[in-house]
Amino acid sequence: MFRLGRLTATRLPRAGSLALLMILLVAAFAGAPRRAALAQAEPQFQHLITVDADGFARQNKVVEVTLNFTPLIAGEGGSGALDPDSIRVHEIDANDDVIDADVPFQFDRAGNYHAANRARGTLVFLMTGSTAANETRRYQVRFDVAGSGFTAPAFTDLVGLTDSVGHKGYQSVRVVAGGVEYFYHKPGGGFATLLDADNNDWINWNTTPQGAGNFRGIPNMVHPNDGGYFHPGRTGVTTTVVHDGPLRATFRSGSNNNAWQVQWDIFPDYARMTVLKVAANYWFLYEGVPGGQLQPGSDRLTRSNGDSIPASGTWTTDITGDEWVFVTDQGLDRSLFLIHHQEDTKVDGYYADGTDMTIFGFGRNGNQRQLTGLPRQFTLGFVDETTVNAVRPVVNAAYKPLAITGANDDGDDEPGPICDSQPYTILFSPKVTKTVNGVVMSDEDIISYDASTCEVATVFDGTDAGLPSAANLDAIALKDGITYFSLLAPTTVPGIAGKVDDSDVVAYDGTDFTLYFDGSAHGLSTNAEDVDAIAFDETGKLLLSTFGGFTVPGISKGGDEDLARFDAGVWTLVFDGSHNAGLTAEDVVGASVAANGDIYLSLLDNFNVGGVSGTAADVFICTPGSLGALNTTCTYSLFWNATSFGLPAFDAIDIP
């Protein structure tokens with residue numbers, strides 16, 4: 001059986017004697033100063049969670065509770081954004097005295113998490129030690145708001161995840177938990193290797209044809225006729241690590257046609273798959289080698305009701321009642337259990353592929369896939385037991401639900417995209433007014449999207465700064481703490497005489513507006529020559545693109561697909577869009593230049609440039625081979641899509 005040898009749990013004594021009473025009294029008095037000191041350093045808000053074993057004994061059980069801290073803060077009279085570093089979990093007794101002030105936990109943010117307005121997520125914590133089948137345990141969650149100065153606690157990592165390791169020729173997720181080592185092929189979406197505590201591989205996928213290697217895997221869920229998704233050694237799937245904490249690691253796999261999606265959660269003692277999206281019938285398969293080699297005469301399969309067959313046998317009926325099975329290697333005295341959480345009447349078939357591998361499937365009847373719809377969950381894990389009565393309590397502890405009070409977020413609303421944390425920030429000015437995660441954004445504002453947290457914030461509020469609400473920014477750039485912008489139409493700007501033309505560029509230092517670039521004074525005088533994109537190159541010189549064709553001193557003919565540099569009255573054509581495949585008919589409406597010279601671009605509408613296609617909500621990158629009039633070449637790649645994150649289309653962008 002899995003054991004968490006690195007964690008020990010201290011539980012209160014339950015017996016009484018005079019000596020014990022004296023010990024407890026001494027401990028209580030000795031502990032009083034500690035509790036007082038603890039309280040002084042505690043976050044100011046608290047929330048009670050109770051966990052009942054609900055009829056099944058548990059051992060070092062991981063608990064998952066969905067919470068929204070925003071209403072919890074408001075309910076205690078507080079205000080402000082949640083500080084995730086302030087979260088603490090204490091176990092308390094019936095008198096609210098602290099039993100364990102350092103309960104291991106992690107807080108996994110929801111896809112649409114927003115610290116100030118929707119601090120949603122899952123609190124994952126460890127119910128340490130033994131919990132009796134009829135026992136209820138109490139936990140106090142403490143938390144505070146931003147600025148409280150807390151440092152996040154650190155815990156022993158019981159689920160170690162390494163992303164994008166090479167394994168048998170495929171980029172893989174490697175997880176080590178409870179003495180078990182998992183290798184999950186990212187482009188295939190399936191487990192290729194499952195090593196037990198003695199380094200025996202119970203799957204052993206390899207490139208040998210058919211059952212001797214290439215057919216093996218877990219969950220091998222989608223038949224090749226429907227795409228063959230979630231099978232090691234295949235392609236057609238994209239896998240993203242969603243959460244990685246000390247108690248739970250989560251990754252999500254979806255077919256590249258967006259028709260199928262599953263999520264795996266790996267815990268210290270077991271792994272659970274949740275089916276999120278399906279497009280046809282499916283099954284859940286274990287095609288592998290118990291203990292590292294299939295031994296049809298001695299390996300066994302046993303159902304939850306005690307029915308058992310050697311691995312050389314067959315099953316063509318449903319598992320009645322609790323739907324689980326375990327596969328045993330008798331020589332190792334070890335079993336792999338496989339659970340289907342939702343009971344049904346579908347055939348759960350088994351037969352052996354000679355001596356090559358097992359072929360067991362929930363919802364498999366011969367070659368028929370019988371599982372349909374949602375929800376479906378499956379769990380697997382090892383146990384060092386071989387009899388049904390010894391395996392049953394371990395299986396029940398793994399998948400039977402706990403009775404939890406204190407969850408305040410049902411998760412039924414649209415969760416939003418999962419935050420795939422990336423090291424960049426993008427600034428944009430939206431085309432329309434929209435509220436996203438409590439942030440009201442308008443076309444006179446500049447909004448930041450922090451890709452490391454997937455949060456949005458207003459970095460320039462046009463009306464607060466003094467612009468009229470009718471103002472519309474259609475070109476932006478931030479440099480050295482100064483905000484630069486151009487306007488869609490002539491507009492009155494505080495501190496600047498007359499109206500600022502749509503061919504001008506304005507600078508704002510946080511207090512005052514000044515005219516930074518006067519378009520009409522430097523050759524931009526027609527309606528087609530309105531500025532609709534600005535940037536600064538890596539040397540700090542101003543780049544501009546216009547609404548239509550333009551003519552300025554030094555450039556006899558420029559187009560709306562070009563970027564021209566203005567340097568102390570001298571114009572040069574830097575990015576000649578007409579000499580890039582697919583850009584001749586386009587209009588550059590957003591631009592930014594990185595320190596390495598890469599040029600980030602957005603266009604007015606749908607495009608296909610150099611093999612890269614997108615819409616007005618996309619930002620793409622030109623990695624220049626060469627620049628200049630008649631001499632611009634680029635390698636193009638997609639960078640960012642606003643609508644993928646629930647954000648509106650934009651008029652302007654900048655990459656700070």
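Residues numbered from 1 in each chain as written. Predicted model: local features only at pLDDT ≥ 70, side-chain atom pairs only at ≥ 80, totals over all residues. Heavy atoms only, no water.

## Brief notes about the pattern of salt bridges
- Applying the stated criterion across every chain yields a total of 21 salt bridges.
- Here K186 ties to D163 by a salt bridge, and the two come within 2.9 Å at their closest N and O atoms. Of this pair, K186 sits in the loop between strand 10 (180-185) and strand 11 (190-195) while D163 is found in strand 8 (residues 159-167), placing the two residues 23 residues apart along the sequence.
- K186 sits in the buried class, given a relative accessible area of 12%.
- The salt bridge partner of D265 is R248, with a shortest N-O separation of 3.9 Å. In this pair, D265 is assigned in strand 14 (residues 261-266) and R248 in the loop between strand 12 (237-244) and strand 13 (249-255), connecting sequence segments 17 residues apart. Each of the two residues, D265 as well as R248, counts as buried. (Salt bridge = Lys/Arg side-chain N within 4 Å of Asp/Glu carboxyl O. Helix = DSSP H or I, 4+ residues; strand = E, 2+ residues; numbered from the N terminus. Buried < 20%, exposed > 50% of the residue type's maximum accessible area, 1.4 Å probe, protein only.)

## Brief notes about the nonpolar core
- Core analysis: the biggest nonpolar cluster contains 52 residues, and F251, W264, I266, L338 and L380 have the highest contact counts within it.
- In contact with I266, other than residues within four places in its own chain, are V159, V175, A177, Y182, F191, L247, R248, A249, F251 and A271.
- Listed in part, the 27 residues of the second largest apolar core include V63, I73, L82 and V145. (Core = buried A, V, L, I, M, F, W, Y, C linked by side-chain atoms within 4.5 Å. Contact = heavy atoms within 4.5 Å.)

## Re the state of the cysteines
- Throughout the structure, instances matching the rule amount to one disulfide.
- Between the sulfur atoms of C622 and its disulfide mate C634 the distance is 2.0 Å. Because the sign of the S-S torsion sets the handedness, a value of about -55° for the bond joining C622 and C634 places this disulfide among the left-handed ones. With a gap of twelve residues between them, C622 in strand 48 (residues 618-626) and C634 in strand 49 (residues 633-641) connect regions that are remote in the sequence.
- Owing to a relative accessible area of 18%, C634 belongs among the buried residues under this scheme. (Disulfide = S-S within 2.5 Å.)

## Some points on the sheet that holds strand 16 (residues 284-286)
- Pairing is antiparallel in the open sheet, where three strands are placed in the order 16-22-21. Single-partner strands in this sheet number two, and they are strand 16 and strand 21 (350-353). Strand after strand, the sheet turns through a mean of 25° between neighbouring axes, direction not considered.
- Where strand 21 lies against strand 22 (residues 357-362), four bridges are found, and the strand directions are antiparallel. Each bridged residue has a counterpart across the sheet, and for A352 the counterpart in strand 22 is T358. (Pairing = 2+ DSSP bridges. Axes fitted to C-alpha atoms, helices over the stretch in contact; angles between N-to-C directions.)

## Overview of the confidence of the model for the protein
- Counting all residues, the mean pLDDT for the protein is 90, and 92% of those residues have values of 70 or more.
- Within the model, the stretch residues 1-40 combines pLDDT values under 50 with 37 contacts to residues more than four positions away or in other chains. (pLDDT = per-residue confidence, 0-100.)

## Quick look at the packing of aromatic side chains
- Scanning all chains against the criterion turns up 38 aromatic pairs.
- With a centroid separation of 6.1 Å and 80° between ring planes, the pair formed by F485 and F513 is classed as edge-to-face. Taken as a pair, F485 in strand 33 (residues 482-487) and F513 in strand 37 (residues 513-517) lie far apart in primary sequence, 28 residues in all. Across this residue pair, the class does not change: F485 and F513 are buried.
- Ring-pair connections join several aromatic residues into one group, and the members of that group are F45, F69, F107, Y113 and F143.
- Lying over the aromatic face of W283, R364 brings its terminal NZ or CZ to 4.2 Å of the ring centre.
- The ring centre of F536 lies 5.4 Å from the NZ or CZ of K479, which sits over that ring. (Phe/Tyr/Trp six-rings, centres within 6.5 Å; stacked < 30°, edge-to-face > 60°. Lys NZ or Arg CZ within 6 Å of the ring centre and 35° of its normal.)

## Remarks on the environment of W640
- The residue W640 is located in strand 49 in this model.
- Overall, W640 belongs to the buried group, its relative accessible area being 3%.
- Not counting chain neighbours up to four residues away, the residues in contact with W640 comprise Y424, I426, F428, Y449, A617, D618, V619, F645, L647 and F650.

## Overview of the side chain of S602
- Turning to its location among the elements, S602 is positioned in strand 45 (residues 599-603).
- Residue classification places S602 among the buried positions, given a relative accessible area of 0%.
- Each residue touching S602, except ones within four places of it in the same chain, is listed here: D587, V588, V589, G590, D618, F650 and I653.

## A few points about the pairing of strand 3 (residues 82-92)
- Counting buried positions over the eleven residues of strand 3 gives nine, a clear majority of the element.
- The pairing of strand 3 with strand 7 (residues 136-145) spans seven bridges and is antiparallel. Counterpart to D83 in the pairing with strand 7 is D144.
- In this structure, strand 3 lies alongside strand 4 (residues 98-100), joined through two bridges in antiparallel fashion. Bridge pairing in strand 4 links I92 to V98.
- Between strand 3 and the antiparallel strand that follows it, strand 4, lie five residues; D96 among them carries a positive phi value of about 70°.

## A few points about the sheet that holds strand 38 (residues 531-536)
- Pairing is antiparallel across the open sheet formed by four strands, whose spatial order is 38-39-42-43. Each having just a single partner strand, strand 38 and strand 43 (570-575) make up the two edges of the open sheet. Direction aside, neighbouring strands of the sheet carry axes that sit 30° apart on average.
- For strand 39 (residues 542-546) and strand 42 (residues 563-567), the ladder comprises three bridges, and the chain directions are antiparallel. The partner of L544 across the bridge, within strand 42, is A564.

## Details of the pairing of strand 2 (residues 58-68)
- Burial analysis of strand 2 places eight of its eleven residues in the buried class, the great majority of the element.
- With ten bridges connecting them, strand 2 and strand 6 (residues 120-131) associate as antiparallel partners. Residue pairing across strands places V63 opposite F125, the latter belonging to strand 6.

## Describing unusual backbone geometry
- Omega for the peptide link from I218 to P219 comes to 5°, which places this bond in the cis form.
- Residue position: P219 is located in the loop between strand 11 and strand 12.
- Here the amide bond leading from L374 into P375 is cis, since omega sits at 0°, within 30 degrees of zero.
- Within the chain, S164 stands out as a residue other than glycine whose phi angle is a positive 55°.
- Here S164 shows up in strand 8.
- For N199, which is not glycine, the phi dihedral falls at a positive 70°.

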